[in-house]
Amino acid sequence: MDTREEELARIGKYIRDNMDYFCSPPPGGLGWPRPGGLPKYYLSNPEEWALDLQRVEALKKAAWLREAVEGCDLTSSRRMAPGTRQLLDEIRRLAGEGRSPAQISAQLDVAEAGVRNVLALGSGAEDAGALGPVQLPEIEAFRKSWGRSWPGGHANGNGHRKSQSAV
């Protein structure tokens, strides 16, 4: 296969994988009535391919956000692979039975540090109502003022320290 045929196959696969976005009428899709000739069209019009590729990706993202808002699922576990979710559930189940992270790690053949991290997350990572970091005005004021000019100098980003007396 030469480069042109490979590119044609790649474009065709992307179109087949995202057929709804290419065929559905606007605003949910691009409204192409017959996508069969699109790969050749896009191959001869690369600027159109770049634009439509961006449009399809934007439509996919918008659909994903719309679905998340409608389902009220804006958590980190959104669209988690079933095997991953099963593993997390299994870790939590075994911990609920009173097993230690080392025992769970040995039984499931996963890193013990990973088991500890999963247990530290609790169910907050999958709970849309879980609270995020606390934003107190006092902490923000400290962080934006005195916390930036710590006595004794500060690291300036490249590892060097600049003392306050030199300022």
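See the structure printed just above.
So, a few notes on the structure that sits alongside this text. (Residues numbered from 1 in each chain as written. Predicted model: local features only at pLDDT ≥ 70, side-chain atom pairs only at ≥ 80, totals over all residues. Heavy atoms only, no water.)

### Re the overall build of the chain
Item 1. When you go through the chain residue by residue, the secondary structure sums to 8 helices and 2 strands.
Item 2. Secondary structure elements in the chain, listed N-terminal to C-terminal, are α-α-α-α-α-α-α-α-β-β.
Item 3. Evaluated residue by residue, the chain yields a buried proportion of 19% over its 167 residues.
Item 4. Sequence-distant contacts in the chain: of pairs separated by 6 or more residues, those separated by 24 or more amount to 42%.
Item 5. When the accessible area of the chain is evaluated, it comes to approximately 12,000 Å², of which 56% is carbon and sulfur surface. (Helix = DSSP H or I, 4+ residues; strand = E, 2+ residues; numbered from the N terminus. Buried < 20%, exposed > 50% of the residue type's maximum accessible area, 1.4 Å probe, protein only. Contact = heavy atoms within 4.5 Å. Areas by Shrake-Rupley, 256 points an atom, 1.4 Å probe, with all protein chains shown as cover.)

### What to know about the environment of Pro26
Item 1. Relative to the helices and strands, Pro26 resides in the loop between helix 2 (19–23) and helix 3 (38–44).
Item 2. Residues Pro26 and Leu59 lie 33 residues apart in sequence; the distance between their C-alpha atoms is 10.0 Å.

### Quick notes on helix 5 (residues 82–96)
Item 1. The end-to-end C-alpha separation of helix 5 is 21 Å, in line with the 21 Å expected for 15 residues at 1.5 Å each.
Item 2. Looking at helix 5, one finds that the buried residues are Leu88, Ile91 and Leu94. What you see down the axis of helix 5 is that its buried residues fit within an arc of 130 degrees, all on one side. Every exposed residue of helix 5 that faces more than 90 degrees away from the buried side is listed here: Pro82, Gln86 and Gly96.
Item 3. In the stretch just after helix 5, Gly98 is the one whose phi turns positive, near 95 degrees. (Expected span 1.5 Å × (residues − 1). Arc of directions from axis to C-beta.)

### Focus: unusual backbone geometry
Item 1. Note the cis peptide between Pro26 and Pro27, where omega equals 10 degrees.
Item 2. Secondary-structure assignment places Pro27 in the loop between helix 2 and helix 3.
Item 3. Look at Asp109: it is not a glycine, yet its phi comes out positive at around 60 degrees.

### Some points on the nonpolar core
Item 1. Counting 9 residues, the largest nonpolar core consists of Ile11, Tyr14, Ile15, Phe22, Leu38, Tyr42, Leu43, Trp49 and Val56.
Item 2. Going through the elements one at a time, helix 1 (3–17), helix 3 and helix 4 (46–71) are the ones with two or more residues in this core.
Item 3. The contact partners of Phe22, leaving out residues within four places of it in the chain, are Tyr14, Ile15, Leu30, Gly31, Trp32, Leu38, Tyr42, Trp49 and Val56.
Item 4. Residues Leu88, Ile91, Leu94 and Val118 belong to the second largest nonpolar core, which totals 6 residues. (Core = buried A, V, L, I, M, F, W, Y, C linked by side-chain atoms within 4.5 Å.)

### A few points about the packing of aromatic side chains
Item 1. Scanning all chains against the criterion turns up 7 aromatic pairs.
Item 2. Their ring planes at 90 degrees and their centres at 6.2 Å tell us that Tyr14 and Phe22 sit as a pair that is edge-to-face. Phe22 carries the same exposure label as Tyr14, and that label is buried.
Item 3. Ring geometry for Trp32 against Tyr42: centres 6.2 Å apart, planes inclined by 80 degrees, an arrangement best described as edge-to-face. Of this pair, Trp32 sits in the loop between helix 2 and helix 3 while Tyr42 sits in helix 3; the two residues are 10 residues apart in sequence, bridging distant segments of the chain.
Item 4. A residue is classified by how much of its surface remains accessible, and Trp32, at 25% relative accessible area, is partly exposed.
Item 5. Members of the aromatic cluster, connected to one another through ring pairs, are Tyr14, Phe22, Trp32, Tyr41, Tyr42 and Trp49. (Phe/Tyr/Trp six-rings, centres within 6.5 Å; stacked < 30°, edge-to-face > 60°.)

### Observations concerning the pattern of salt bridges
Item 1. Going through the model one piece at a time under the given rule, you end up with 8 salt bridges.
Item 2. With its nearest N and O atoms 3.6 Å apart, the salt bridge here joins Arg99 to Glu97.
Item 3. Assessed through its relative accessible area of 32%, Arg99 is described here as partly exposed.
Item 4. What makes Glu97 partly exposed here is its relative accessible area of 45%.
Item 5. With a shortest N-O distance of 2.6 Å, Glu112 and Arg116 are connected by a salt bridge. With Glu112 and Arg116 both in helix 7 (residues 112–121) and 4 residues apart, this pair spans about one turn of that helix.
Item 6. Overall, the relative accessible area of 29% leaves Glu112 in the partly exposed class.
Item 7. Each of the salt bridges in this network shares a partner with another, and the network as a whole consists of Glu90, Arg93, Glu97 and Arg99. (Salt bridge = Lys/Arg side-chain N within 4 Å of Asp/Glu carboxyl O.)

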